[in-house]
Amino acid sequence: MLKLPSMDTLVKQAIKANVKQFREARKEYHYWNDKCNECDRGSREYLKYTIFADQHFYEYVTIKDTLIRLFPAQKQMIIDCLYDGRERSSS
């Protein structure tokens, strides 16, 4: 008989498949955002760094929002796992 995975198992697998990319994009966003803050707002570098920061921001937010849209009942577990690596059971 075929045993289907539980919803929590599916959510954890989805998080595991995306957490590395999420954290890397978030790290890159903070790096480029800090570079923006170090530049003169009128400079060419500021515009370039802003584009890089925006790109990474949208990437990590899209990963989080997609997981939440797929599994809305496990929103807090998704957020906890993505941001600080803890796995919690859904409430």
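As the structure is a computational prediction, the values presented were derived from the model and not from experiment.

A look at the pattern of salt bridges
Between side chains of opposite charge, a pair can form when the charged atoms approach closely.
Move 1: Under the criterion given, the structure shown has 1 salt bridge.
Move 2: The salt bridge partner of Lys 64 is Asp 65, with a shortest N-O separation of 3.8 Å.
Move 3: Judged by relative accessible area, which is 18%, Lys 64 ranks as buried.
Move 4: Judged by its relative accessible area of 32%, Asp 65 falls in the partly exposed class.

So, the nonpolar core
Move 1: One finds Val 11, Ile 15, Tyr 60, Leu 67, Ile 78 and Leu 82 to be the most contacted residues of the largest nonpolar core, which totals 22 residues.
Move 2: If one sorts the elements of this core by residue count, helix α1 (residues 7-38) sits on top with 9 residues.

As for α1
Move 1: With 32 residues, α1 should reach 46 Å at 1.5 Å per residue; the first-to-last C-alpha distance of 45 Å fits that figure.
Move 2: Of all bends in α1, the biggest is about 45 degrees, found at Asn 18.
Move 3: Among the residues of α1, Val 11, Ala 14, Ile 15, Val 19, Phe 22, Ala 25, Tyr 29, Trp 32 and Cys 36 are the ones counted as buried.

Quick word on the confidence of the model for the chain
Should the pLDDT be low somewhere, the predicted coordinates at that spot are not to be read in detail.
Move 1: When pLDDT is averaged across the chain, the result is 90; 92% of the residues are at 70 or more.
Move 2: Of all helices and strands in the chain, the one with the weakest mean pLDDT is helix α3 (residues 75-84) (93), whereas helix α2 (residues 44-70) scores best (96).
Move 3: The low-confidence segment residues 86-91, where pLDDT is below 50, has 11 contacts with residues more than four positions distant or belonging to other chains.

Scoring rules and cut-offs
Residues numbered from 1 in each chain as written. Predicted model: local features only at pLDDT ≥ 70, side-chain atom pairs only at ≥ 80, totals over all residues. Heavy atoms only, no water. Salt bridge = Lys/Arg side-chain N within 4 Å of Asp/Glu carboxyl O. Buried < 20%, exposed > 50% of the residue type's maximum accessible area, 1.4 Å probe, protein only. Core = buried A, V, L, I, M, F, W, Y, C linked by side-chain atoms within 4.5 Å. Helix = DSSP H or I, 4+ residues; strand = E, 2+ residues; numbered from the N terminus. Expected span 1.5 Å × (residues − 1). Bend = angle between axes of the 7 residues up to and from the residue. pLDDT = per-residue confidence, 0-100. Contact = heavy atoms within 4.5 Å.

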